[in-house]
Amino acid sequence: MKRRLSFLLHQLRRKIVVGVAGPASHQRQAVVGLALLGLTEVALLALTFCTNFLSAYIHNTLEIFHDFRLRALSNALAIVSFEQSSGLFVEQPLQRWHDANLGGWSFWNTYYAGVHPAVTVIFLVFIMVRMFGWKLTRVNWKRLNEGARPLSPPPDYVPIAPDPAPFSSSASYYASDATSAVVTHASFAEMSPAQQYRFLRSVWVLSAWLSFIGFLLVPTMPPRLLPVCDFLNAAGANVGACLTTEFSFVDTIGAHGSLLWDWNDESVKSLNNPYAAFPSQHTIFAAWCAMTWIMLVGPASPTLSLRSPRYWLRGLLRWSSIAYPMVTVYCIVVTANHYISDALAGLILLAISYACVHMYYLYKSRRRSYNIVPTLADTLPYHV
């Protein structure tokens, strides 16, 4: 099944590239191929960014909001009970301490509202541009059937459309050298920038979609909504729990505002899932950015002396990146948008995503080192 799907995707990509660029110009096909890759990557990343909105649409379409709210409240109270029994329930006193000693709510609310997507987009664009820069300068463009075994369809292949001799030696389809896209190393440092991009992107996408499953199965009312009685969604239904005697959380964005948006904005009310708290995507994305930076900077170079400024700069860049997820976790807790358990669940989920992608790369690299005949998917350009 996987082999047949890969073959169909290859044929569809081939038809698009040849149809747009023409059958004769390999330079034009190369550019169209890269443009197609860029469009598919941007579409995947944009769709992944919309997981919160997608979860809101699914809940609003398939579930009565009153039942949705009760489930979210029940899960929130279960998290509070767990944190109280384990000594982790410090959100309320921490918010009171911050309000009395630090303040600066406009900064923290704006940090919560804007830094989370902005920094993640910057990192995604950086590693994507890095990949395309490497492809444009290092990849050999050639016909797929030059110096390689001819592509043969799987036994159950059914053509999408009549295609005369798609596997003949005269077929004129140019793409990047497939060897630049095949997983050959499990070590991140030994990967090409294109492989490093796919590795990091896969970790981010997998963790985001796993959190999306959490939003669907475990809707959780954030701390700021537990004592709220008068906040209504776009349909006019009460979103809060009105537990004013049990909890004293302050909705800091509602009380002090931010420089970007407010919970009362109609677009936020209509698109946002108010119960997408467990796990915390803020924590997942911030920790992913720190992981990405650390992996790209790499360990301290053995060729650099302790007296070298570059040695200390690399160390500073590597370890200072840890501050970003730490500040983010503090922000989401002190603004009462997440529980500590949400942040811990986000870190665990990111670790699981990393382990799954790493195991896949380890499997693929060992598979090639044992000289096993590659499948059709291994020979495709831009193999993901």
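1. Points about the overall build of the chain
- On a plain count of helices and strands, the chain comes out with 14 helices and 2 strands.
- In the chain, buried positions account for 49% of the 384 residues.
- Carbon and sulfur atoms provide 68% of the accessible area of the chain, an area that totals close to 18,800 Å².

2. Comments concerning the packing of aromatic side chains
- Scanning all chains against the criterion turns up 20 aromatic pairs.
- Aromatic pair F89 and F249: ring centres 6.3 Å apart, planes at 85°, arrangement edge-to-face. Placement of the pair is F89 in the loop between α4 (65-86) and α5 (91-101) and F249 in the loop between α7 (193-217) and α8 (252-256), with a sequence separation of 160 residues. Neither residue differs from the other here; F89 and F249 are each classed as buried.
- One aromatic cluster is present, formed by F188, F199, Y354, Y360 and Y361 through successive ring pairs.
- Between the NZ or CZ atom of R224 and the centre of the ring of W263, over which it lies, the distance is 3.8 Å.

3. What to know about the packing of α5 against helix α12 (residues 323-334)
- For the pair α5 and α12, interaxial distance at closest approach is 9 Å and the crossing angle is 95°. The angle between α5 and α12 places the two elements in the roughly perpendicular class. For the pair α5 and α12, the contacting residues are E91, L94, Q95, W97 and H98 in the first and Y330, V333 and V334 in the second.
- Here the residues of the contact of α5 with α12 are counted per class, giving 5 nonpolar, 2 polar and 1 charged.

4. Side note on α4
- For α4, with 22 residues, the first-to-last C-alpha span of 31 Å sits near the 32 Å given by 1.5 Å per residue.
- Looking only at α4, the buried set comprises F65, F68, R69, A72, L73, A76, I79, V80 and E83. Viewed along the axis of α4, the buried residues span an arc of 130°, placing them on a single side of the element.
- Looking one or two residues beyond α4, the residue adopting positive phi is G87, at roughly 80°.

5. Quick look at unusual backbone geometry
- Of note, the amide linkage connecting F278 to P279 takes the cis form, showing an omega dihedral of -5°.
- Of note in the backbone geometry, A336 takes a positive phi value of approximately 65° without being a glycine.
- With respect to the helices, strands and loops of the structure, A336 is situated in the loop between α12 and α13 (340-369).

6. Digging into the state of the cysteines
- Per the counting criterion, the structure on display carries 1 disulfide.
- A sulfur-sulfur separation of 1.9 Å characterises the disulfide bridge that pairs C229 with C242. Here the S-S torsion is close to 85°, and the disulfide linking C229 with C242 is therefore right-handed. Of this pair, C229 sits in the loop between α7 and α8 while C242 sits in the loop between α7 and α8, and the two are 13 residues apart along the sequence.

7. Observations regarding helix α3 (residues 51-62)
- Between the first and last C-alpha of α3 there are 16 Å, a value that for 12 residues agrees with the 16 Å anticipated at 1.5 Å per step.
- The set of residues buried in α3 consists of T51, N52, S55, A56 and H59. Seen from one end, α3 has its buried residues packed into an arc of 145°, which puts them on one side.

8. Focus on the nonpolar core
- By size, the foremost hydrophobic cluster in this structure holds 67 residues, and its most contacted members are F199, L200, M221, L226, Y275 and W288.
- Elements with a minimum of two residues in this core: α2 (26-49), α4, α6 (105-138), α7, α10 (281-297), α12 and α13.
- It is α6 that provides the largest number of residues to this core, a total of 12 residues.
- Ignoring anything within four residues of it in the chain, the contact list for L226 reads L73, A76, M221, A241, C242, L243, F247, F249 and Y339.

9. Considering a nonpolar patch on the surface
- Residues L12, I16 and V20 make up a contiguous nonpolar surface patch of roughly 250 Å² in combined accessible area.
- Here V20 is to be found in helix α1 (residues 2-21).

10. A word on the packing of α10 against α12
- At a closest axis distance of 8 Å, the pairing of α10 and α12 adopts a crossing angle of 170°. In terms of orientation, α10 lies roughly antiparallel with respect to α12. Residues H282, T283, A286, A287, C289 and A290 of α10 lie in contact with α12, whose contacting residues are Y324, P325, T328, V329 and I332.

11. A look at the environment of Y112
- Relative to the elements of secondary structure, Y112 occurs in helix α6.
- The exposure class of Y112 is buried, given its relative accessible area of 10%.
- Expressed as a C-alpha distance, the spacing of Y112 and I332, which sit 220 residues apart in the sequence, is 6.7 Å.
- Those residues in contact with Y112, other than ones at most four positions away along the chain, are I253, W261, W263, H282, C331, I332, T335, N337 and H338.

12. Some words on the pattern of salt bridges
- Summed over all chains, the structure comprises 3 salt bridges.
- Measuring nitrogen to oxygen at the nearest pair gives 2.8 Å for the salt bridge that ties R201 to E41. Remark: E41 occurs in helix α2 and R201 occurs in helix α7; sequence separation between them is 160 residues. Per residue, the accessibility class of R201 equals that of E41, and both read buried.
- Across the pair D251 and R224 runs a salt bridge, and its minimum N-O distance is 3.9 Å.

Parameters at a glance
Residues numbered from 1 in each chain as written. Predicted model: local features only at pLDDT ≥ 70, side-chain atom pairs only at ≥ 80, totals over all residues. Heavy atoms only, no water. Helix = DSSP H or I, 4+ residues; strand = E, 2+ residues; numbered from the N terminus. Buried < 20%, exposed > 50% of the residue type's maximum accessible area, 1.4 Å probe, protein only. Areas by Shrake-Rupley, 256 points an atom, 1.4 Å probe, with all protein chains shown as cover. Phe/Tyr/Trp six-rings, centres within 6.5 Å; stacked < 30°, edge-to-face > 60°. Lys NZ or Arg CZ within 6 Å of the ring centre and 35° of its normal. Axes fitted to C-alpha atoms, helices over the stretch in contact; angles between N-to-C directions. Parallel < 35°, antiparallel > 145°, perpendicular 65-115°, else oblique. Contact = heavy atoms within 4.5 Å. Nonpolar A, V, L, I, M, F, W, Y, C, P; charged D, E, K, R; others polar. Expected span 1.5 Å × (residues − 1). Arc of directions from axis to C-beta. Disulfide = S-S within 2.5 Å. Core = buried A, V, L, I, M, F, W, Y, C linked by side-chain atoms within 4.5 Å. Patch = residues over 30% accessible without salt bridge, like charges linked within 9 Å, V, L, I, M, F, W, Y side chains within 5 Å. Salt bridge = Lys/Arg side-chain N within 4 Å of Asp/Glu carboxyl O.

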